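# Chains, contacts and geometry: an overview
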Amino acid sequence: MRLPLVLGTGVLTTGVLLMGGLVATALAPMPVVNVDAMELDGASMLSTPVPEVSPHPHLVVRVSRPLKPGDWQVVMDGRAITVSTTTTGTVLRLALPGPMSLGSHHTVQLAAGAMHIKAAFKIVPPLTAAVDIHLVHLQADAPVSVAATIRFSRAVADRARAQEHLRMTGHPTVSWPDARTVELVSSGFKLSDQVSVTVDAGIQAADGTRSREGASAQLAVPSTLTRVLPGRMVQMYYVNTDEGRASLLAHLNQIDVLSPAWYDANADGSITGYARRDVIDAAHAGGVAIIPLVVNKDVDPDVAHAILAEPARRAMLAGNLVNEAKTYGYAGFQLDFEQIPWTDRDLLTALVQDCANAFHPAGLNLSIAVIPRLPGDAAASGTLLDYFHQWSGAYDFAALAKAADFLSFMTYDEHNGVTPPGPVSGTPWMRAALEFSMQGVPPEKATIGLPTYYHDWTGVGRLTSSSYADAMILAQAHAATPAFDPTEEEMHFGYNAYGVHHELWIQSTDTLRRKLPLMYEYGLKGISVWRLGFEDPSFWTLIPPRR
């Protein structure tokens, strides 16, 4: 739109121009000066609706003929604004005083000689962009893919033009789920590559405002995806067996945290257990932190409820654990309350909060082992719904993460005693479980669980479990050849014994190597392994020395 602007003396009339009270212009004889544009933050003030601009708006006026410095007069909300005496030519650029309050309404009046233009505007936050960049769908022996999600604070006006302001390392594909969100995926990166995403300023929002600042994010591809480098925690669960003790003593310098299954929590808030002084001394001498497990006695839901439902018993349990940790020099405790009904979810969270209040002032670490979930678990049927009600539904992951120092996700037992045979920890299931369960959990406060044992089914509800070594003995004894499942990334074989068919699934070093990229993909704190003495002996090639 071009508005006639008249300069000089001999004004004849003054009229109102444009509907909505936006513009009033005085008309006079020639010569005529046309207003080519009047914009705030790039949004036109000469059209409806009222433009929405940033708290620090910039006014730009373009006219068809040069004006002298004294010809420009600007008034905002009835108060004159100083225009530089050096302003000349056909363009006026002026920063209006700010910051102005969000949601406030204002008027600006431009005068030059007998010409007056009055327009309204509203203050909104400037369009901004938040950039999230992350590894995606990592595989042990494949090039790395990186994804980025850019979320704008409001809808953009033109997606194609907005894309011109976006840059990502490599050759990304771009998709727009909606007018506020753009997703980019770039593939083919090597280990240790650097990847960046940049959003330039100047993107126009649908309301006419433009982004004033750019945004960016960077990501360094890890130097390995198949080893647990120092800096990522290695937590090993321990049971008092000869095999477990031998493995511990042989690999002390490859373990960060030892979690012995030594303690029970009783219904009255007391604890019972058996601490092995030889294990404690060996771990401390090797620089290994000890964070024992404490389990609701006999994994009994009634025992757990008796503790959870009484604040005094929760406090007693927390105090007893603190005293035990001080007695033996533990770094803390990990709660392993299982078979808790989903109706006790808030009470379990309260216990963790109470323990945190006791542990942290004493300088102790508090963690909790949790069973992950998948979307739809709460609406399942049959045994899956029973499992949610009696086991997995008790964990409010986000709330637990706020109180505890970390959560150990038990990403194993995908198939178990209430299911048919199948992988113990198939990679697709592990990824789906983390994707859902990690919502609201900071990645640095979570570990991925890895199993080193097998499950051997002779039917639903008929299940035995033991070590990698025992699985290989069974395979040899029955002339069975373990097969690798490329989708689940797990080993399995079948055999017949005494007229009964068995189906056995087991992790090897190679299959566990293929699970480790998940730790890097989700940026997790480390791994939690059940358990020492069950592992494939070559498992330790995946764990560089920690000290």
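The structure we're discussing is the one just above.
Residues numbered from 1 in each chain as written. Predicted model: local features only at pLDDT ≥ 70, side-chain atom pairs only at ≥ 80, totals over all residues. Heavy atoms only, no water.

Enumeration over the complete set of coordinates arrives at 13 aromatic pairs. Seen in terms of ring centroids, tyrosine 328 and tyrosine 330 are 5.7 Å apart; in terms of plane orientation they differ by 20°. Their pairing is stacked. Classification of tyrosine 330 as buried rests on a relative accessible area of 4%. Plain terms: the ring middles of tyrosine 412 and tyrosine 453 are 6.2 Å apart, the flat faces sit at 80° to each other, and that makes the pair edge-to-face. With tyrosine 412 in the loop between β27 (406–409) and α9 (427–437) and tyrosine 453 in strand β29 (residues 453–459), this pair connects stretches of sequence that are 41 residues apart. Each member of the pair, tyrosine 412 as well as tyrosine 453, is classed as buried. Members of the aromatic cluster, connected to one another through ring pairs, are Tyr263, Tyr328, Tyr330 and Phe333. Here arginine 531 stacks its cationic end above the ring of phenylalanine 534, 3.9 Å away from the centre of that ring. (Phe/Tyr/Trp six-rings, centres within 6.5 Å; stacked < 30°, edge-to-face > 60°. Buried < 20%, exposed > 50% of the residue type's maximum accessible area, 1.4 Å probe, protein only. Helix = DSSP H or I, 4+ residues; strand = E, 2+ residues; numbered from the N terminus. Lys NZ or Arg CZ within 6 Å of the ring centre and 35° of its normal.)

Buried within helix α4 (residues 301–308) are the following residues: Val303, Ala304, Ala306, Ile307 and Leu308. Sitting at the head of α4, aspartate 300 places a side-chain oxygen 2.8 Å from the backbone nitrogen of aspartate 302. (Polar contact = N/O pair within 3.5 Å; in protein donor to acceptor, adjacent residues only side chain to side chain.)

Let us look at the layout of surface pockets. Of the voids in this model, the largest pocket is the one considered here, and its volume is about 880 Å³. Lining the largest pocket are 34 residues, with Ile371, Tyr387, Tyr412, Asp413 and Asn416 positioned closest to its centre. Of all the secondary structure elements, the ones that give two or more residues to the lining of the largest pocket are β25 (332–336), α7 (382–390) and β29. Considering every element that reaches the lining of the largest pocket, the biggest residue donor is α7, with 6 residues. When its residues are assigned to classes, the lining of the largest pocket shows 18 nonpolar, 9 polar and 7 charged. Lining the second largest pocket are 13 residues; nearest its centre among them are His134, Glu435, Met438, Glu521 and Tyr522. Elements with a minimum of two residues in the lining of the second largest pocket: β13 (129–136) and α9. (1 Å grid on protein atoms, 1.4 Å probe; cavity = no way out; pocket = protein on both sides within 12 Å on 5 of 7 lines; lining within 4 Å. Points joined across faces, edges and corners; volume = space filled by probe spheres on them. Nonpolar A, V, L, I, M, F, W, Y, C, P; charged D, E, K, R; others polar.)

With that settled, the discussion passes to the environment of leucine 524. With respect to the helices, strands and loops of the structure, leucine 524 is situated in the loop between α12 (517–521) and β34 (526–530). Between the C-alpha atom of leucine 524 and that of lysine 445, which follows or precedes it by 79 residues, the distance is 7.2 Å.

This brings us to helix α2 (residues 242–250). Taken residue by residue, α2 has Gly244, Ser247 and Leu248 as its buried positions. For α2, the angular spread of the buried residues around the axis is 100°, confining them to a single face. With respect to the buried face of α2, the exposed residues turned more than 90 degrees away are Asp242 and Ala250. Close packing links the buried residues of α2 with β20 (233–238), β21 (257–265) and α3 (277–285). (Arc of directions from axis to C-beta. Contact = heavy atoms within 4.5 Å.)

Moving on: the sheet that holds β29. Pairing is antiparallel across the open sheet formed by 5 strands, whose spatial order is β30-β29-β33-β32-β31. Unpaired on one side and paired on the other, β30 (462–467) and β31 (483–485) mark the two borders of the sheet. Across the sheet, the mean angle from the axis of one strand to that of its neighbour is 30°, orientation sign disregarded. Sheet strands touched by helix α10 (residues 468–477): β29, β30, β32 (490–497) and β33 (500–506). Its angle to β30, the strand with the most contacts, is close to 110°. (Pairing = 2+ DSSP bridges. Axes fitted to C-alpha atoms, helices over the stretch in contact; angles between N-to-C directions.)

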